[in-house]
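Letter by letter, the chains look like this.
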Amino acid sequence: MTGSDVPPSFRLAYVPGVTPTKWVRTWNEPSPDVPLTLIQVPAAEAADMVRDRHADAVLLRLPIDRTGLHAIPLYTETTVIVVPKDHLVAAAEEVSVADVVDGVVLHPLDDTLDWDRPPGRQAIRRPATTGEAIELVAAGVGLLVVPQSLARLHHRGDLTYRPVSDVPESRVALSWLEDETTDVIEQFIGIVRGRTGNSTRGRPPAPARSKRPDVDVRKAAGDKSTSGRRRRGSGAPQGGKRGKSRRRS
C-alpha cells in the first residue's frame, strides 16, 4: 500500500483502559473523509494486530517488541495499587513500595508494567488476566498494581486505589507498520499531536490572507505620504493650533 492509497476505512485498534474517544471525535469533525473503525484488542495481541494487518494502527502500552513497527509515545499513565476499601493502604493519599512489601501483590499474566515481578510476596499462582486479579483483590487474596486507567476500567464498589511511587509507569503509544505510513496514518498522527477538527486533512494549510487587503494598502500608502512631513517639521502636525492653552494667573 502506498502513501497515496486510501483504504475504505481506517481501522484503529486499542487496548483495554485506553480511551480514543476524543481523537475519534476530532476525526469526525466536521465529517470524515475516511470512516474510522474502532477495534478493542487484548494487550498481548495489540502489536500483532498491525503486523497481521487486522488494523491500520493501534493504541497500546509500551514496552513492546518494536521490530517492523513505528511507535509514538503519547502520554504516561499514573500507576496505582488496588486494595479493598477497608485496607490500611486506603487511608493514605499515596503509597510507596515499602508500604506493601509484606503483603501479597498479584502479578497477572497480562500485566502491562515493565518489571520482572512486582514488590511484595508472590501469590501461589499468577492470575491469567487483570480482571481475574481484581476479583482476587476483592476476595482478600492480595493487592494489585496497575495503570490507573485499568483500575478505573475494573472499578468495583468494594475496592479503591491509591497512587504508588517507585514503580514502573505505563506509556501509551500509537503504533503502525514501518513501511505503511499512509496519508490516513499521517492524518491521525496529526490529531493525536493536537490538530483540531478545522485543520486541513492531508495537505498543508493555505497561507493566511488579510480579510481587507485594500485597507492594508491604503494604510501603507498613508504612512509613506506623512513620513516626509514629519521629518520636515519639528514633530508636531502642520497647521492649526498647537500646544496647551496658557493658564491665567
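Whatever comes next refers back to the structure up there.
Presented here is an overview of the structure given in this document. (Residues numbered from 1 in each chain as written. Predicted model: local features only at pLDDT ≥ 70, side-chain atom pairs only at ≥ 80, totals over all residues. Heavy atoms only, no water.)

## Quick word on the overall build of the protein chain
What the protein chain contains, in helices and strands, is six helices and nine strands. Going through the 249 residues of the protein chain one by one, you find that 38% of them count as buried. Within the protein chain, residue pairs in contact and separated by at least 24 positions form 72% of the contacts whose partners lie at least 6 positions apart. Just so you have it, the protein chain exposes about 15,500 Å², and 49% of that area is on carbon and sulfur atoms. (Helix = DSSP H or I, 4+ residues; strand = E, 2+ residues; numbered from the N terminus. Buried < 20%, exposed > 50% of the residue type's maximum accessible area, 1.4 Å probe, protein only. Contact = heavy atoms within 4.5 Å. Areas by Shrake-Rupley, 256 points an atom, 1.4 Å probe, with all protein chains shown as cover.)

## Quick look at the nonpolar core
The biggest cluster of nonpolar side chains holds 36 residues, and the ones touching the most others in it are Phe-10, Leu-12, Trp-27, Leu-60, Leu-174 and Phe-188. Mapped onto this core, the elements with two or more residues apiece are β1 (10-14), α1 (21-27), α2 (46-51), β3 (57-62), β4 (69-76), β9 (171-177) and α5 (183-192). With six residues, the top contributor of residues to this core is α5. Beyond its immediate sequence surroundings of up to four residues, Leu-60 is in contact with Val-15, Ala-46, Ala-47, Arg-171, Val-172, Ala-173 and Ser-175. Formed by 14 residues, the second largest nonpolar core is a distinct cluster that contains Val-89, Val-100, Val-105 and Val-167. (Core = buried A, V, L, I, M, F, W, Y, C linked by side-chain atoms within 4.5 Å.)

## Some points on the environment of Asp-110
Examined against the element boundaries, Asp-110 turns out to sit in the loop between β6 (105-106) and α3 (130-138). Sequence-wise, Asp-110 and Pro-127 are 17 residues apart; in three dimensions their C-alpha atoms are separated by 8.6 Å. A polar atom in the side chain of Asp-110 sits 2.9 Å from the backbone nitrogen of Thr-130. (Polar contact = N/O pair within 3.5 Å; in protein donor to acceptor, adjacent residues only side chain to side chain.)

## Considerations on the sheet that holds β4
Taken in spatial order, the five strands make up an open sheet running β2-β1-β3-β9-β4, and their pairing is mixed. The outermost strands of the open sheet, each flanked by one partner alone, are β2 (36-40) and β4. Across the sheet, the mean angle from the axis of one strand to that of its neighbour is 25 degrees, orientation sign disregarded. The sheet contact formed by β3 and β9 spans five bridges and is antiparallel. Each residue of the ladder has a partner; that of Leu-62, found in β9, is Arg-171. Across the sheet, α5 is in contact with β1, β2, β3, β4 and β9; its angle to β9 comes to roughly 165 degrees. (Pairing = 2+ DSSP bridges. Axes fitted to C-alpha atoms, helices over the stretch in contact; angles between N-to-C directions.)

## Some remarks on the pattern of salt bridges
In the structure shown here, the tally under the stated rule is eight salt bridges. In this structure, Asp-48 and Arg-51 form a salt bridge, with 3.5 Å as the shortest nitrogen-oxygen distance. One end of the pair, Asp-48, and the other, Arg-51, are both in helix α2, three residues apart, so they sit about a helical turn from each other. Of the residues examined, Asp-48 reaches a relative accessible area of 38% and is grouped as partly exposed. The partner of Glu-132 in a salt bridge is Arg-125, and the shortest N-O contact between them spans 2.7 Å. Bridged by salt links that share partners, the residues Asp-48, Arg-51 and Asp-65 form one connected network. (Salt bridge = Lys/Arg side-chain N within 4 Å of Asp/Glu carboxyl O.)

## A short note on the pairing of strand β5 (residues 79-84)
Of all six residues in β5, six are buried, a share of seventy percent or more. Across five bridges, β5 lies against strand β8 (residues 159-163) in antiparallel orientation. Each residue of the ladder has a partner; that of Ile-81, found in β8, is Arg-162.

## A few points about α5
An α-helical segment advances 3.6 residues per turn. Residues three or four places apart therefore align on the same side. Among the 10 residues that make up α5, seven are buried, leaving the element largely enclosed by the rest of the structure. Taken as a whole, α5 has its buried residues at Val-184, Ile-185, Gln-187, Phe-188, Ile-189, Ile-191 and Val-192. In this structure, the buried residues of α5 make contact with β1, α1, β2, β3, β4 and β9. Where α5 terminates, the next one or two residues include Gly-194, which has phi positive at roughly 110 degrees.

## With respect to the packing of aromatic side chains
Overall, the coordinates contain three aromatic pairs when judged by the stated rule. With a centroid separation of 6.2 Å and an interplanar angle of 55 degrees, the aromatic rings of Trp-27 and Phe-188 are classed as tilted. Linking Trp-27 in helix α1 with Phe-188 in helix α5, this pair joins segments that are 161 residues apart in sequence. Take Trp-27 and Phe-188: they sit in the same class, and that class is buried. An aromatic cluster is defined as three or more aromatic residues linked by ring pairs; in this entry it consists of Phe-10, Trp-27 and Phe-188. (Phe/Tyr/Trp six-rings, centres within 6.5 Å; stacked < 30°, edge-to-face > 60°.)

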